[in-house]
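Read off the chains here:
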Amino acid sequence: MAANTDHPMSLRAVRQLRRVRAFYAAGVLLWAASTAWMGWEHPASRQMWVSALLLAVFTGLLITASLWIRRLEATGADRPVHHAASHKTTGPRHAHA
């Protein structure tokens with residue numbers, strides 16, 4: 001069973017991976033547009049192949065980040081931890097004698 005300190009780290013990891021995944025998705029869109037443009041203007045040029053290579057790199061990074069997010073979510077890292085004690089306690093209760 002995982003320790004209680006593993007959950008906050010996993011939650012942070014999922015949040016950060018989601019931000020990184022958005023960055024990679026933007027990179028895929030940018031390099032796909034660049035590759036299409038270079039393929040249209042200068043087919044089989046060096047610029048087109050560099051754009052295609054960067055498109056492949058960002059696509060691989062996007063797939064990897066998505067798989068990691070799916071794996072972390074499957075382990076329950078995105079669910080909040082429920083503690084037995086309530087956070088709304090006002091203080092100790094004493095019996096009056």
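The model shown is predicted, which means the values in this text are computed figures rather than measured ones. (Residues numbered from 1 in each chain as written. Predicted model: local features only at pLDDT ≥ 70, side-chain atom pairs only at ≥ 80, totals over all residues. Heavy atoms only, no water.)

S.K.: What am I meant to see in the packing of aromatic side chains here?
M.R.: In total, this model carries three aromatic pairs according to the counting rule given. Here the aromatic rings of F23 and F58 are separated by 6.3 Å at their centres, their planes lie at 55°, and the arrangement is tilted. Taken together, the residues F23 in helix α1 (residues 6-41) and F58 in helix α2 (residues 46-74) connect sequence positions 35 residues apart. Relative to F58, the ring of Y24 lies with its centre 6.1 Å away and its plane at 75°, an arrangement referred to as edge-to-face. One end of the pair, Y24, is in helix α1; the other, F58, is in helix α2, and 34 residues separate them in sequence. (Phe/Tyr/Trp six-rings, centres within 6.5 Å; stacked < 30°, edge-to-face > 60°. Helix = DSSP H or I, 4+ residues; strand = E, 2+ residues; numbered from the N terminus.)

S.K.: Is there a simple way to think about a nonpolar patch on the surface in this case?
M.R.: On the surface, L53, V57 and L61 cluster together to form a nonpolar patch covering roughly 250 Å² of accessible area. Tracing the backbone shows L53 in helix α2. (Patch = residues over 30% accessible without salt bridge, like charges linked within 9 Å, V, L, I, M, F, W, Y side chains within 5 Å. Areas by Shrake-Rupley, 256 points an atom, 1.4 Å probe, with all protein chains shown as cover. Salt bridge = Lys/Arg side-chain N within 4 Å of Asp/Glu carboxyl O.)

S.K.: Any chance you could explain the environment of W68 here in plain terms?
M.R.: On the secondary structure map, W68 appears in helix α2. Relative accessible area serves as the criterion here: at 46%, W68 is assigned to the partly exposed category. For the pair W68 and R18, spaced 50 residues apart in sequence, the C-alpha separation works out to 9.9 Å. (Buried < 20%, exposed > 50% of the residue type's maximum accessible area, 1.4 Å probe, protein only.)

S.K.: Can you walk me through the environment of F58 in this structure?
M.R.: Relative accessible area serves as the criterion here: at 15%, F58 is assigned to the buried category. Placed 31 residues apart in sequence, F58 and G27 show a C-alpha to C-alpha distance of 6.1 Å. Excluding residues within four positions of it along the chain, F58 makes contact with F23, Y24, G27, V28 and W31. (Contact = heavy atoms within 4.5 Å.)

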